[in-house]
Amino acid sequence: MFHNDANCDVYGFLNRATVSEQIENAGISTQNSETQRSSDVNADQKCFCHSKCERPSKAAESAWADLLTSWNPKLLKSQKVVQLIKTEVPAHLRGTLWRCLLQTRSLKEHSTFNYRANVVAVREQLVDLGVSEYSSLNSVQQLHEHDDGATAVAPHGGTARRPHAGHLCIRVLRQIMLDVDRTFPDHVLFGGTTDHAREGRAALFRVLALYARFNPTVGYCQGMGYIAAMFLMQTDDEEEAFWSCVALFESHKYLLGFYSESLTRIKDHALVFDKLLQQKQPLLRQHLVRRPSVRRVIFTQSYDAVNEL
């Protein structure tokens, strides 16, 4: 998808020289950048070596094209799909594959939530506040000056969501704008001052803001941006990226509950991991729980039991 841009690798991440140049242009010190650049000539800034990256084989492209053309929900459990994914997925077909796996077309057809109408509603709110999705840093500063007691979006039940006139809480808008600039700043779609990057950041803001309207109970949670950004990388369709996020965040099979205020599912998974680790690697667990920083990250469910060790 990003093969034609000389400033980035095959996945769209800016190469070291481009990142350093942008940092220098921003007036930030780049000590040791030359040393790092010379020692990693074959690796990008994520330490992945792409010197051996090749285009997918014609056989793989043909197999995927045939599969996706005749796709039906029964293929979700097909071993053929599993094996093809393990082999290789051509970059230009990944967006289509995500759409098929997450069944976003069906999800959109059965929902009354209108993406375009809600984009208009969000933009109207931004205009009322005197801010823009295209200048997030300036907008964040301006939003600090507004009363943060703005009325949040009114909740609505069921899976068929309706557009509504309620505004997003200013606190939510401000947090999304803050996080947009922190999300993949080394990717050509989101980093830099090009029109392409400005539009990419604006699209990311819209996807996240509209999900907060779609599900006001959850609203926005830090960490959503990286998932939304990944979908934007894989598809040229902003609305498709939105429905992909909805499919992940709203399905118990995937991430439903991971972004809730109580973090219930994260705690449940942490507890399961803790028990497995205790059964399989008790000495490793004992070592990990004695490190406070690790304990807070991994063992979020059972602090009391951990502190007894």
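Residues numbered from 1 in each chain as written. Predicted model: local features only at pLDDT ≥ 70, side-chain atom pairs only at ≥ 80, totals over all residues. Heavy atoms only, no water.

### Notes on the overall build of the protein chain
Working step 1: Looking only at helices and strands, one finds 16 helices and zero strands in the protein chain.
Working step 2: Here the protein chain, with 309 residues, has 40% of them falling under the buried criterion.
Working step 3: In the protein chain, once contacts between residues fewer than 6 apart in sequence are set aside, the share between residues at least 24 apart is 60%.
Working step 4: For the protein chain, the computed accessible surface area is about 17,900 Å², with 53% contributed by carbon and sulfur atoms. (Helix = DSSP H or I, 4+ residues; strand = E, 2+ residues; numbered from the N terminus. Buried < 20%, exposed > 50% of the residue type's maximum accessible area, 1.4 Å probe, protein only. Contact = heavy atoms within 4.5 Å. Areas by Shrake-Rupley, 256 points an atom, 1.4 Å probe, with all protein chains shown as cover.)

### Observations regarding the environment of P185
Working step 1: Summarising the element assignment, P185 is placed in the loop between α9 (170-180) and α10 (195-214).
Working step 2: Residues P185 and F13 lie 172 residues apart in sequence; the distance between their C-alpha atoms is 8.9 Å.
Working step 3: Beyond its immediate stretch of four places on either side in the chain, P185 contacts L14 and G191.

### Comments concerning empty space enclosed by the protein
Working step 1: The final tally for this structure, using the stated rule, is one cavity of 30 Å³ or more.
Working step 2: In this structure, the largest cavity spans a volume of roughly 40 Å³.
Working step 3: For the lining of the largest cavity, the secondary-structure elements that each account for two or more residues are α5 (94-102), α11 (224-234) and α12 (238-250).
Working step 4: With three residues, α5 is the single largest residue contributor to the lining of the largest cavity.
Working step 5: Of the residues contributing to the lining of the largest cavity, the split by class is two nonpolar, four polar and two charged. (1 Å grid on protein atoms, 1.4 Å probe; cavity = no way out; pocket = protein on both sides within 12 Å on 5 of 7 lines; lining within 4 Å. Points joined across faces, edges and corners; volume = space filled by probe spheres on them. Nonpolar A, V, L, I, M, F, W, Y, C, P; charged D, E, K, R; others polar.)

### Examining the pattern of salt bridges
Working step 1: Applying the stated criterion across every chain, the model contains nine salt bridges.
Working step 2: Residues E239 and R116 are paired through a salt bridge, measuring 3.8 Å at the closest nitrogen-oxygen approach. You can see E239 sitting in helix α12 and its partner R116 sitting in helix α7 (residues 115-129), a full 123 residues away along the chain.
Working step 3: Residues joined by salt bridges that share partners form a network here, namely R123, E133, E199, R206 and E238. (Salt bridge = Lys/Arg side-chain N within 4 Å of Asp/Glu carboxyl O.)

### Quick look at the packing of aromatic side chains
Working step 1: Within the structure shown, the criterion is met by 13 aromatic pairs.
Working step 2: Between F13 and F184 the ring centres are 5.8 Å apart and the planes differ by 70°, which places this aromatic pair in the edge-to-face class. Of this pair, F13 sits in the segment before α1 (16-25) while F184 sits in the loop between α9 and α10, placing them 171 residues apart in sequence. No difference in accessibility class separates F13 from F184, as the two residues are buried.
Working step 3: The interplanar angle of 75° and the centroid separation of 5.1 Å between the aromatic rings of F113 and F214 together place this pair among those described as edge-to-face. On the criterion of sequence distance, the pair formed by F113 in the loop between α6 (104-109) and α7 and F214 in helix α10 is long-range, its members being 101 residues apart.
Working step 4: Exposure remark for F113: the relative accessible area of 4% places this residue in the buried category.
Working step 5: Overall, the relative accessible area of 2% leaves F214 in the buried class. (Phe/Tyr/Trp six-rings, centres within 6.5 Å; stacked < 30°, edge-to-face > 60°.)

### Some words on the nonpolar core
Across soluble globular proteins, you tend to see nonpolar side chains buried next to one another.
Working step 1: Formed by 48 residues in total, the largest nonpolar core has its most connected members in F190, L204, F205, L208, L232, F242 and F249.
Working step 2: Looking at this core, the elements with two or more residues in it are α7, α8 (136-144), α9, α10, α11 and α12.
Working step 3: Once residues lying within four places of it in the same chain are set aside, the contact partners of F249 are Y211, M224, I227, L255, L256 and Y259.
Working step 4: Counting 11 residues, the second-largest nonpolar core is a separate cluster that includes L67, V81, L93 and C100. (Core = buried A, V, L, I, M, F, W, Y, C linked by side-chain atoms within 4.5 Å.)

### Observations regarding the side chain of T235
Working step 1: Within the element layout of this structure, T235 appears in the loop between α11 and α12.
Working step 2: Polar contacts involving the side chain of T235 include one to the main-chain amide nitrogen of D237, which spans 3.1 Å. (Polar contact = N/O pair within 3.5 Å; in protein donor to acceptor, adjacent residues only side chain to side chain.)

### Considering the packing of α8 against α9
Working step 1: Taken N-terminus to C-terminus, the directions of α8 and α9 make an angle of 150°; their axes are 9 Å apart at the nearest point. Classified by the interaxial angle, the pair formed by α8 and α9 is roughly antiparallel. α9 is crossed by α8, and the crossing has left-handed handedness. Contact residues: S136, S139, V140, L143 and H144 in α8; I170, L173, R174, M177 and L178 in α9. (Axes fitted to C-alpha atoms, helices over the stretch in contact; angles between N-to-C directions. Parallel < 35°, antiparallel > 145°, perpendicular 65-115°, else oblique. Left-handed = near helix turned anticlockwise from the far one by under 90°.)

### Quick look at helix α13 (residues 264-280)
Working step 1: Helix length check: α13 (17 residues) gives 24 Å between terminal C-alpha atoms against 24 Å at 1.5 Å per residue, within 8%.
Working step 2: Where α13 is concerned, the buried positions are R265, A270, D274 and L277. (Expected span 1.5 Å × (residues − 1).)

### Observations concerning the side chain of R206
Working step 1: Position of R206 relative to the elements: it lies in helix α10.
Working step 2: R206 gets classed as buried once you look at its relative accessible area, which sits at 5%.
Working step 3: There is a polar contact of 3.5 Å between the side chain of R206 and the side chain of Y134.
Working step 4: Apart from residues lying up to four places away in sequence, R206 is in contact with Y115, V119, R123, E133, Y134, E199 and E238.

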